[in-house]
Amino acid sequence: MANDESWFGKFVNELHEKPWFKCAGAWTLVPIWARLTPVKPLPGGVRPSIQPGDNLQSMMNLIMPLKTENRSPIGRAAAALAIAKNRDQIFAGLDNVGTVHFARFVIVNDNICMFSVYDGDFTNYIRDFIATIGSAFNDVVKLVEGGDAVTPCEENVEAFIQWIHEHDLYQVPDTPTDFLRDQEYLEGDKAVSPVNDDLTLLPRKLVLQLRANKNVSLGSGYRAYPGYSVAQVRKQLQLGW
Amino acid sequence: MFDLADVQGNILRGYTGKPHVRYLILEVADAMAARRWLAASISGRYHGVPQITTGDWGTAKPETCFNIGLTYEGLRALGTPSSSLAMLPNEFIAGMTASAAKLGDVGHSAPEKWPAPFNEPKRIHLIATIYADKVEQLEQIQQRALDRNALTLLGTREGCTFPGEKERDFVHFGYRDNISQPRFEGVPDSQRHPDRQPKAPLGTVLLGHPTNLEGLTWRVPQPAELGHNGTFNAFRVLKQDVAGFEKYLDQAASFLLQHPRVEELLPPGNEEKIGKGLSRCEALREIVAANLCGRWRDGTPLALSAEIPDPKMDLTDFDYVGVGDSRCPHGAHIRRCNPRGGQIVQRIANNSRRLVRRGVPYGPPYDPAKPFERDEPERGLLGNFIGASLGAQFEAMSCDWLNLGLQDPRITGSNDPISGANDPRTSWFDLPLTSGDPIRLHGLPEFVSTRGGAYTFLPSISAIRYLGSLTT
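Everything in this summary refers to the structure shown in the same document. (Residues numbered from 1 in each chain as written. Chains lettered and ligands numbered in written order. Predicted model: local features only at pLDDT ≥ 70, side-chain atom pairs only at ≥ 80, totals over all residues. Heavy atoms only, no water.)

Some thoughts on the overall build of chain B
A count of helical and extended segments in chain B gives 15 helices and ten strands. Taken over C-alpha atoms, the radius of gyration comes to 22 Å for chain B, in line with the 23 Å a tight globule of 472 residues would show. Here the C-alpha coordinates of chain B stretch approximately 75 × 50 × 45 Å along the principal axes. Burial status across chain B gives 60% buried among its 472 residues. Across chain B, the fraction of contacts at a sequence separation of at least 24, relative to all contacts at a separation of at least 6, is 70%. Split by element, the accessible area of chain B, about 18900 Å² in all, is 50% carbon and sulfur. Between the centroid of the 52 positive side chains of chain B and the centroid of its 54 negative side chains there is a distance of 3 Å. (Helix = DSSP H or I, 4+ residues; strand = E, 2+ residues; numbered from the N terminus. Rg over C-alpha atoms; globule rule 2.2 N^0.38 Å. Buried < 20%, exposed > 50% of the residue type's maximum accessible area, 1.4 Å probe, protein only. Contact = heavy atoms within 4.5 Å. Areas by Shrake-Rupley, 256 points an atom, 1.4 Å probe, with all protein chains shown as cover. Lys, Arg positive; Asp, Glu negative; His and termini not counted. Charge placed at Lys NZ, Arg CZ, Asp CG, Glu CD.)

See below:
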């Protein structure tokens, strides 16, 4: 029906652009959909690929909301200070993990964020990071919602890795089919819907997922060159690895 | 003080004297009866249930050994409190099939292709292992273990070391195996092999003890009697394509014979040193086989003797510190699995991903006199990879080291040449040469494919007692 060229098809396809529909959708339609078909938020981070070369230069987009009492200029300053105070230790730790290309800390709307690019398996990255820097990251995590339950990180490794995983943004795949596969896999259904996989038509599943997951990362991003590991780059540049 | 009698025997002992092993793959039929069965297994005095073999059998060596592992579904089926279940690690809760991409279980090895009983992973609750001298003993213990009220038998897998005094140490690809295991602090070293690797902290293999990563501890499921002294096992049914492996060695040797730099790899006249009566092509086959593994087929480590197999060399007393590519390829199987003290990218991971490995071959030995017959019987290895953290040890090794080669920039992007999920269209392996650039081999197929498996928790004796006493 959605591809129908009839006036009704055209009307339906353009609905999402109508201001009255946007309003009705946000306040009535989507909440009703969400009630009828509850959607779980898809987990964050990249999915491991079966092609070894694809598991290089993966992105982590960690969004950690500050505790309510820290959502103020003073709270944000405390977060900035927690990073600054432990900067050398954190950077030395990242260096020793050996698989991290870049990592930076950003404050966005009462969230402290860590964006990084790393090689290999996500859990190994986080585990090695904690093993290397020990307590230095605890000062940051303590300021964040839910952080108390996972500090000290080095004594709560499994819980901490899970917590990071949950705060890492869901990465919407580049292709609609992969998105629907993610969604259906989460619901225990391995068959991909044969229809309604055109993301330009705003499928209901995407709308509901974006309701459950307000912040997401879109696609695998632009790359100027194929994936190389940190050590491959350092070796090529004769920096030692 | 650590009590060996509280730990299941198969964790710290290899039962190497017992050639026959059978795995019973079981489902809990009735929780209460299964808990009675567990309680009876501690002493072995009631209801005929075989006694669990512990790490301390004193002077009376048991005639047969019996051990158990429980999956997450199994612990749930037994009525383990949800607060305890929630403390189990994610990898274990999700099960082996959820980690398929990390473990290289894709294509032919994908869980969807596993035969019964592994095609229904949620039904696998308990895997019991019987080690014995004779097949009849396996039968007897199986009969005693099977209490139809408590447990339903979903399937079995059976392995046997190769017959013969010399052959018993070898496995299907023709290599000597089961050479050494990590030595642990505080545990008597029964092997007494000289070993340049440091002793591993007990927390490498048992929950509740210090780990190799300074200051890091793994979560111990509570109550303490449930988690303490327990550990995790990755049980794997690994099919080995021996005919395909031998065929690949032929192919690689033919390629090398034509290669302009082959004389660096095998100086003319050296064939006899590789093996008695070997032709040039046969000697090159053995050189390739040694480089793929990191050991000559007789077990000699390349790190100690790169040019020829040398029976006088120690099999275990070596390290990769300062051992360059020309002595042992960085991509060789045993070096990828355990880079020992050698330089690796993940600087803190040296010695932290060590595992206890227990493997026994299954299926008939390959007969080189009848190569490449159609309808080859299935053969392979029933492997157990034991460590206190599935994520930090078994999965970390499989994902980043075996299937990605992240530990060394020279091998990044390649799979393990022997056990990796290789695709001949993209696979490669570098044969090192002393003069510099290596010779790159291409077209390695998948020699090992997964035919089943499960993550199990190997509970301590206290934990078995605790589970047996649950009343919910």
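Read on for the rest.
Brief notes about the interface of chain A and chain B
Each side of the interface is counted separately: chain A has 33 residues, and chain B has 34 residues. For the pair chain A and chain B, the two sides together bury roughly 2900 Å², of which 60% comes from carbon and sulfur. The interface formed by chain A and chain B includes two salt bridges. Elements with a contribution of two residues or more to the side of chain A that touches chain B: α3 (73–97), α4 (122–133), α6 (157–167) and α9 (230–236) of chain A. No other element matches the seven residues that α4(A) contributes to the side of chain A that touches chain B. Classifying every residue of the side of chain A that touches chain B by side-chain character gives eleven nonpolar, twelve polar and ten charged. (Buried area = accessible area lost by both parts, 1.4 Å probe. Salt bridge = Lys/Arg side-chain N within 4 Å of Asp/Glu carboxyl O. Nonpolar A, V, L, I, M, F, W, Y, C, P; charged D, E, K, R; others polar.)

A short note on the packing of helix α9 (residues 242–257) of chain B against helix α12 (residues 280–293) of chain B
Geometrically, a packed helix pair is captured by the angle between its two axes and the distance between the axes. All names here are of chain B. The geometry of α9 relative to α12 is characterised by a closest axis approach of 8 Å and an angle of 115 degrees between their N-to-C directions. Considered as vectors, α9 and α12 are oriented roughly perpendicular to each other. Read as a crossing pair, α9 and α12 show a hand that is right-handed. When α9 is examined against α12, the residues Phe-245, Glu-246, Leu-249, Asp-250, Ala-252, Ala-253, Leu-256 and Leu-257 are found in contact with a partner set consisting of Arg-280, Cys-281, Leu-284, Arg-285, Val-288, Ala-289 and Leu-292. (Axes fitted to C-alpha atoms, helices over the stretch in contact; angles between N-to-C directions. Parallel < 35°, antiparallel > 145°, perpendicular 65-115°, else oblique. Left-handed = near helix turned anticlockwise from the far one by under 90°.)

Brief notes about the sheet that holds strand β1 (residues 58–65) of chain A
All names here are of chain A. Here we have three strands laid out as an open sheet, ordered β1-β3-β2, and antiparallel in their pairing. Of all the strands in the sheet, just β1 and β2 (100–108) have a single pairing partner and so form its edges. Averaged over all pairs of adjacent strands, the angle between strand axes in this sheet comes to 15 degrees, irrespective of strand direction. Inspection of the sheet shows β2 paired to strand β3 (residues 111–118) by eight bridges, in the antiparallel sense. Residue Val-108 lies in a different strand from β3, and its bridge partner there is Asn-111. (Pairing = 2+ DSSP bridges.)

Examining unusual backbone geometry
A cis geometry characterises the amide bond from B:Ala116 onward to B:Pro117, with omega recorded as 0 degrees. Positionally, B:Pro117 belongs in the loop between α6 (100–103) and β3 (126–132). At the junction of B:Gln222 and B:Pro223, the peptide bond is cis and its omega measures out at 0 degrees in the coordinates. Positioned with a positive phi, A:Asn109 is a non-glycine residue whose angle comes to about 45 degrees. Mapping A:Asn109 onto the fold places it in the loop between β2 and β3. A positive phi angle, close to 55 degrees, is found at A:Gln238, a residue other than glycine. Along the chain, the position of A:Gln238 falls in the segment after α9.

Quick notes on the side chain of B:Arg340
Residues and elements named next belong to chain B. Position of Arg-340 among the secondary structure elements: in the loop between α13 (333–337) and β6 (356–362). As a buried residue without a salt bridge, Arg-340 has its nearest oppositely charged side chain in Asp-195, at a separation of 4.1 Å. Residues in contact with Arg-340, not counting those within four places in the same chain, are Asp-195, Gln-197, Arg-295, Thr-316, Phe-318, Asp-319, Tyr-320, Asn-350 and Asn-351.

Observations regarding the pairing of β3(A)
Counting buried residues along β3(A), seven of its eight residues qualify, which places the element largely inside the surrounding structure. The turn linking β2(A) back onto β3(A) is made up of two residues, and A:Asn109 within it adopts a positive phi angle of 45 degrees.

Description of the pattern of salt bridges
Residue and element names in this part refer to chain B. The tally for this structure, following the rule as stated, stands at 30 salt bridges over all chains. Here Arg-22 makes a salt bridge to Glu-139, at a shortest N to O gap of 3.0 Å. With a gap of 117 residues between them, Arg-22 in strand β1 (residues 20–28) and Glu-139 in helix α7 (residues 135–145) connect regions that are remote in the sequence. Its relative accessible area of 5% is what places Arg-22 among the buried residues.

Brief notes about the packing of α3(A) against α4(A)
All names here are of chain A. Their axes nearest at 8 Å, the elements α3 and α4 cross at an angle of 130 degrees. As judged from the angle between their axes, α3 and α4 are oblique. Two packed elements cross with a definite hand, and for α3 against α4 that hand is right-handed. Of the residues in α4, those touching α3 at Gln-89, Ile-90, Gly-93, Leu-94, Asn-96 and Val-97 are Tyr-125, Asp-128, Phe-129, Thr-132 and Ile-133. Residues of the contact of α3 with α4, tallied by class, amount to six nonpolar, four polar and one charged.

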